[in-house]
Amino acid sequence: VSPHPVATPGFRYDAGRLACAGVDLSRLADALGTPCYVYDAEGVRGRYRSLTGALAPLAPLVRYAVKANPNLAVVRLLSGLGAGMDVVSLGELERAWLGGAAMGDICFAGVAKGDAELRAALDGRHSPLLHERRLTRGRDVAARGPIGLINAESASEIERVDAIARELGVVANATIRLNPGVSAGANDKVRVGEGASKFGLPPEDVLALARRCGELPGVRFRGLHMHLGSQIADLARLDEALGAVVELADRLDAAGRPVDVLNVGAGVAVSYMGEPAPSDAAWAETLARRLGPRVEGGATVMVEPGRELVAQAGVLLTRVRHVKRAGTRTIVTTDAGLNALVRPAMYGAAHMVWPAVCPPDAAPDPIAPPDGRGLARADVVGPVCESSDVFARDRPIPPVERGDVLAVFTAGAYGMSMAMTFNDLPMPAEVMVDAGVARVVREPQGYADLLAPTALGLAGGREIGGL
Ligand SMILES: Cc1ncc(COP(=O)(O)O)c(C=O)c1O
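The structure presented is a predicted model; accordingly, all values stated were derived computationally and were not measured.

(A) A look at the packing of helix α5 (residues 115-122) against helix α7 (residues 155-168). Contact geometry of α5 with α7 gives a least axis separation of 10 Å together with a crossing angle of 45°. Here α5 is positioned oblique relative to α7, judged by the angle of their axes. Seen along the crossing, α5 lies across α7 with a hand that is right-handed. Contacts between α5 and α7 involve D115, L118, R119 and L122 from the former and R160, V161, I164, A165, E167 and L168 from the latter.

Given below as structure tokens:
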């Protein structure tokens, strides 16, 4: 069985040189510097079309999970294709709106929404961008209207939503998040659907809260939210969780709290190392089997895919700093590490790493980890002072030298969005390639920008008065 591709078709090796939509990535790294993320716009479009095509019989509302890749160029691209947005903070909400999503097409998840976040979500006059003309470019923040849906997670949150909505003179549409009690996901850091996780509520509590919504004039109960977890490769687990959703929806209907929205969370897993991943068609079939009858009855299905739309449409470019021989091992050290891409350190995730320029016969086509026969093995590690800062351990890789550019594939999701400046390493740049043209969509962070916010410390600090 040939391995599954780990990058969108826009990424390919041409005579041993990696290009994105025709743009040579080694040259791009020379021009802009590294580390640097590169996104394939047409790849994102292709993923979106595949997903919406497969799911068409359910006519779902697609809400892109902004957390996967919040770059405004990505958000704008997807909202331009018709996606709404799924956000988990006021920062993401403002990005979704800035990126072109109508407020009515945004849904807001998260276990700890704050009052200021709810206020801005329900009334643009409370947006932190109200006077930020440079960002809003003439669009009227104050008139943007209330958010489409709040995915509530607790009784306490619903009471706050009601109080704030009444204060603002609006009614908030809300779903309640069910914890389906199904354990799925590669490791305990991403298992969010099992009973012991902090997310959602068990069915009895959802029922009680839905009833309570009937007494709250500021809240309109719309239905259920369920998110089993990210990178779910086992559709049987999803099927089980959907079963719990439908069962609870039936009970809510019977209790006089009709369910007209069924938000079923994330998209499916993607291939990182050539392993098989569920197709959109298989995902759609799983959803249709459980939710089809409800859709026929007039309910609306909502999905919140992030990773599967953008993961394979991004690579991280990093430059080799040193090739270190340590006993029998070869250790390739690079200028990007867990500061730029934390998934390997945080989740034990594996990404394919390959030189951006390699002998033509070592260039994988399509891009997937080759069997590595005849290649020496090396560790590829970042600059951060943590032993977990390792991109690849004992992996076959064509010979590389100091100064070579490496591509870390499948880095378009949960890459830049989780990047940090640990060890005082500046944030990477981001580039979007479209129709053969590369454009910077986030400038590389300079050292002055990195250091400026703490310069107060040199001048004695700013006193907080009135304490
Ligand atoms: C509530 C919610 N919806 C959607 C997503 C997106 O998941 P994915 O990127 O796997 O599609 C997440 C991510 O964990 C999430 O927490």
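(B) How the structure looks around helix α4 (residues 90-98). Those residues of α4 that sit buried are L90, E92, L93, E94, A96 and W97. Considering only its buried residues, α4 is in contact with α3 (72-80), β6 (84-87), β7 (106-108), α5 and α6 (133-136). Positive phi appears at G100, one or two residues downstream of α4, with a value of about 110°.

(C) Main features of the site of the ligand. In the neighbourhood of the ligand, 14 residues make up the surrounding shell, with S230, E304, G306, R307 and Y414 lying closest. The separation between an oxygen atom of the ligand and a polar side-chain atom of H227 is 3.2 Å. R307 places a polar main-chain atom, nitrogen or oxygen, 2.7 Å from an oxygen atom of the ligand. Looking at side-chain class alone, the shell around the ligand contains four nonpolar, six polar and four charged residues.

(D) Highlighting the sheet that holds strand β8 (residues 149-152). Overall, parallel pairing links the eight strands, which are arranged β5-β6-β7-β8-β9-β10-β11-β12 in a closed barrel. On average, adjacent strands in this sheet sit at an angle of 30° to one another, irrespective of strand direction. Sheet topology note: the β8/strand β9 (residues 172-177) ladder contains three bridges and is parallel. For N151, the partnering residue across the bridge sits in β9 and is T175.

(E) Summary view of the sheet that holds strand β1 (residues 11-14). On the basis of which strands lie adjacent, the open sheet formed by three strands has the order β1-β2-β3 and antiparallel pairing. Two strands close off the open sheet at either side, each with one partner strand: β1 and β3 (23-24). Pairing geometry for β1 and strand β2 (residues 17-20), over four bridges, is antiparallel. When the bridges of β2 are listed, D14 appears paired with R17.

(F) View of the state of the cysteines. Applying the stated criterion across every chain, the model contains zero disulfides. The structure places no disulfide on C20, whose sulfur is separated from the nearest cysteine sulfur, that of C36, by 11 Å. Of the residues examined, C20 reaches a relative accessible area of 0% and is grouped as buried.

(G) Looking closely at the pattern of salt bridges. By the definition in use, this model includes 26 salt bridges. Here R222 makes a salt bridge to D260, at a shortest N to O gap of 2.9 Å. Remark: D260 occurs in the loop between α9 (235-254) and β11 (261-263) and R222 occurs in strand β10 (residues 219-225); sequence separation between them is 38 residues. A residue is classified by how much of its surface remains accessible, and D260, at 28% relative accessible area, is partly exposed. In this structure, E240 and R237 form a salt bridge, with 2.8 Å as the shortest nitrogen-oxygen distance. A residue pair is termed a helical-turn pair when its members lie 3 or 4 positions apart in one helix, as E240 and R237 do in helix α9 at three residues. Taking the relative accessible area as the measure of exposure, E240 reaches 38% and is therefore partly exposed. Assessed through its relative accessible area of 27%, R237 is described here as partly exposed. Overlapping salt bridges, with partners in common, bring together E42, R45, R49 and D434 in one network.

Quick notes on the rules
- Residues numbered from 1 in each chain as written.
- Predicted model: local features only at pLDDT ≥ 70, side-chain atom pairs only at ≥ 80, totals over all residues.
- Heavy atoms only, no water.
- Axes fitted to C-alpha atoms, helices over the stretch in contact; angles between N-to-C directions.
- Helix = DSSP H or I, 4+ residues; strand = E, 2+ residues; numbered from the N terminus.
- Parallel < 35°, antiparallel > 145°, perpendicular 65-115°, else oblique.
- Left-handed = near helix turned anticlockwise from the far one by under 90°.
- Contact = heavy atoms within 4.5 Å.
- Buried < 20%, exposed > 50% of the residue type's maximum accessible area, 1.4 Å probe, protein only.
- Near = heavy atom within 4 Å.
- Polar contact = N/O pair within 3.5 Å; in protein donor to acceptor, adjacent residues only side chain to side chain.
- Nonpolar A, V, L, I, M, F, W, Y, C, P; charged D, E, K, R; others polar.
- Pairing = 2+ DSSP bridges.
- Disulfide = S-S within 2.5 Å.
- Salt bridge = Lys/Arg side-chain N within 4 Å of Asp/Glu carboxyl O.

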